[in-house]
Amino acid sequence: MEANFNSSLEILQSAQQKALYDKLLQQIAKDFVLANVDVKISEDLEPSQLRDIVREKIYFLLLEKFSEYLNLLYVVDIPESEIKKLNTLDAADASVEVCFLILKREWQKVWFKHKYNS
């Protein structure tokens, strides 16, 4: 599995190239629902639109609903060590970095399911 992504957009484009973008959308929507975080994800979203939606939702959660933010990180399975590595105190910058971590983890879930269920 290629894990050397530099941006959220690279992850989403890789999912598109491997014809797993729809599965990724479903996984993201599923985990957000499990975390009780309302987000509108439709199947016709372009990668940049999806990235922006996830980033904006994380930004909102960081500022307004921190316990839901923590719950989302738990449901998605982001290691605490990864969060501690973030080098920012600004919510906008943190939302970009956390969006990347979430999309990377969601992509791992989809990729592994596809690889080992095929």
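These numbers come from a predicted model, not from an experiment.

Asks: Tell me what's going on with the overall build of the protein, and back it up with residues and numbers.
Replies: Regarding its fold elements, the protein presents six helices and zero strands. For the protein, the sequential pattern of α-helices and β-strands runs α-α-α-α-α-α. Per-residue burial over the protein gives 40% buried out of 118 residues. Only carbon and sulfur atoms are counted for the fraction: they give 48% of the accessible area of the protein, which is about 7000 Å². Distance between charge centres in the protein, computed from 15 positive and 19 negative side chains, equals 6 Å.

Asks: Explain the side chain of K109 residue by residue, including any values.
Replies: Within the element layout of this structure, K109 appears in helix α6 (residues 91-117). Beyond its immediate sequence surroundings of up to four residues, K109 is in contact with Q27, D31, V75 and V76.

Asks: Could you give an account of the pattern of salt bridges, with specific residues and numbers?
Replies: Pairing between side chains of opposite charge can happen when their charged atoms approach one another. Scanning the model with the defined rule gives eight salt bridges in all. We note a salt bridge from K84 to E80, for which the minimum N-O separation is 3.3 Å. Of this pair, K84 and E80 both sit in helix α5 (residues 80-84), separated by four residues, roughly a single helical turn. Given a relative accessible area of 63%, K84 falls into the exposed group. For E80, a relative accessible area of 56% puts it in the exposed group.

Asks: Break down unusual backbone geometry for me, with residues and values.
Replies: The backbone phi angle of A19 is positive, close to 60°, even though this residue is not glycine. Tracing the sequence through the fold places A19 in the loop between α1 (8-17) and α2 (21-34). Of note, the phi angle at D77 is positive, near 80°, even though the residue is not glycine. When you line up the elements, D77 lands in the loop between α4 (66-76) and α5.

Definitions and limits used
- Residues numbered from 1 in each chain as written.
- Predicted model: local features only at pLDDT ≥ 70, side-chain atom pairs only at ≥ 80, totals over all residues.
- Heavy atoms only, no water.
- Helix = DSSP H or I, 4+ residues; strand = E, 2+ residues; numbered from the N terminus.
- Buried < 20%, exposed > 50% of the residue type's maximum accessible area, 1.4 Å probe, protein only.
- Areas by Shrake-Rupley, 256 points an atom, 1.4 Å probe, with all protein chains shown as cover.
- Lys, Arg positive; Asp, Glu negative; His and termini not counted.
- Charge placed at Lys NZ, Arg CZ, Asp CG, Glu CD.
- Contact = heavy atoms within 4.5 Å.
- Salt bridge = Lys/Arg side-chain N within 4 Å of Asp/Glu carboxyl O.

Interpretation note: all reported values are geometric properties and have no functional meaning in isolation.
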